[in-house]
Amino acid sequence: MAAEQSRKLRLAVLVSGGGTNLQALIDRAKSGDLSAEIVVVASDRKDALGLVRARKAGIATHVVNYGAHLQSGGEDLGKQPFPVDLRQLDRVQKILKHEDDSTRILHLGRLVLAEQELIEKLSPYQPDFICLAGYMRLVSPYFLAHYNVAGGMRVLNIHPALLPAFPGQHGYSDTLAYGCKWGGITVHFVDEGEDTGPIIAQAVYPVWPDDDLEQVRQRGLQLEYEVYSQCINWLAAGQVRLIESSEKRLITTIDDPSYPAIVNSWLQKSFM
Ligand code: GRF
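For clarity, every value in this text was computed on a predicted model and none was experimentally measured.

Engineer: Explain the sheet that holds strand β5 (residues 155-159) to me, please; I cannot follow it from the model alone.
Structural biologist: In a beta sheet, neighbouring strands pair by backbone hydrogen bonds and run either parallel or antiparallel. Here we have seven strands laid out as an open sheet, ordered β3-β2-β1-β4-β5-β6-β7, and mixed in their pairing. A single partner strand is all that each edge strand has here, and the edge strands are β3 (60-63) and β7 (199-206). Shown here is a sheet whose adjacent strand axes are inclined to one another by a mean of 20°, direction ignored. Of the strands in this sheet, β6 (182-189) and β7 are in contact with helix α9 (residues 259-270), which crosses β7 at around 30°.

Engineer: Looking at this structure, I do not really get the state of the cysteines. What am I missing?
Structural biologist: Between two cysteines, a covalent bond joining their sulfur atoms is known as a disulfide. Tallied over the full model, the rule gives zero disulfides. Free cysteine: C131, not disulfide-bonded; nearest cysteine sulfur from C231 at 9.9 Å. When its relative accessible area of 0% is taken as the criterion, C131 is described as buried. Using a relative accessible area of 0% as the deciding quantity, one classes C231 as buried.

Engineer: Is there a simple way to think about the layout of surface pockets in this case?
Structural biologist: The gaps left among the atoms become clear once a water-sized probe is rolled over them. If you add up the space inside the largest pocket, you get close to 840 Å³. Lining the largest pocket are 36 residues, and of these G134, Y135, M136, I158 and P160 sit closest to its centre. Residues belonging to the lining of the largest pocket are distributed by class as follows: 14 nonpolar, 16 polar and six charged.

Engineer: In this structure, what is going on with the site of the ligand? I would like to understand it.
Structural biologist: Contacts to the ligand come from G18, G19, T20, N21, G134, I158, H159, P160, Y172, L221 and E224. G19 places a main-chain nitrogen or oxygen 2.8 Å from an oxygen atom of the ligand. Contact distances for the ligand include 3.5 Å between an oxygen atom and a backbone N or O atom of P160. Out of a free accessible area of 370 Å², the ligand has 82% covered by protein chains. A majority-of-atoms criterion places the ligand in the largest pocket. Contributions of two or more residues to the shell around the ligand are made by α1 (20-31), β5 and α8 (213-236). Per-class residue counts for the shell around the ligand are four nonpolar, six polar and one charged.

Calculation rules
- Residues numbered from 1 in each chain as written.
- Predicted model: local features only at pLDDT ≥ 70, side-chain atom pairs only at ≥ 80, totals over all residues.
- Heavy atoms only, no water.
- Pairing = 2+ DSSP bridges.
- Helix = DSSP H or I, 4+ residues; strand = E, 2+ residues; numbered from the N terminus.
- Axes fitted to C-alpha atoms, helices over the stretch in contact; angles between N-to-C directions.
- Contact = heavy atoms within 4.5 Å.
- Disulfide = S-S within 2.5 Å.
- Buried < 20%, exposed > 50% of the residue type's maximum accessible area, 1.4 Å probe, protein only.
- 1 Å grid on protein atoms, 1.4 Å probe; cavity = no way out; pocket = protein on both sides within 12 Å on 5 of 7 lines; lining within 4 Å.
- Points joined across faces, edges and corners; volume = space filled by probe spheres on them.
- Nonpolar A, V, L, I, M, F, W, Y, C, P; charged D, E, K, R; others polar.
- Near = heavy atom within 4 Å.
- Polar contact = N/O pair within 3.5 Å; in protein donor to acceptor, adjacent residues only side chain to side chain.
- Areas by Shrake-Rupley, 256 points an atom, 1.4 Å probe, with all protein chains shown as cover.
- Sits in = over half its atoms within 2 Å of the grid points.

In structure tokens:
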């Protein structure tokens, strides 16, 4: 699909580390292959290499010091008005699993304060979508509710495994350690769970007998770059439809006649 056929989306990209996915998006935006403009990049780490990449590309950057919020004694939680009812939020969240209620709610409150700062920093840029790209922070339902308006889902993630296999942060090493013969990557909307949101697209790659972790990671990353940008182009073209499955689960369907050819091209690339 030609990128110029659709309206350019405004993207906020969140990174914690090296930012090679961010770089791939920057490069594709520059070459006209992405129907989107990266309007801001934010990080929870001031030393994230992704921030350097963004600045080099002339993109505004911001840092939110999650550590300061998460380690605070929670004094701010007593401040009025707190942005959200934490007990209500705790009922819908599925990410924090501390056994006792007060520890969990305190942690959730601190996370909300960090996210409030993040939202304030992103707001002036009016992003259409928030793209997590190696962002190592949990996203609470408070953050999601801010962006998921009018029935749309607006927060995306790239995951280094074929979900629902291997959620969490170690997709490539889990794939290798399990002895998988195929690995995969997933772009999905973010919901209240850990890597459980509606899948937009997936691609697979072969794992060869002598592969080490770096070879597996590199093969997967090349696909991540392709698939993430394609998903953004589908979103820009209005070709990603959220529907309810017969099991009452939100899933997506892609309304692009070129879909089979695109998936086939990912498969071919995975053998290169
Ligand atoms: C990628 O493997 C992505 O799937 C995962 O974190 C990694 C980020 O890599 N969520 P990079 O920072 O984009 O190089």
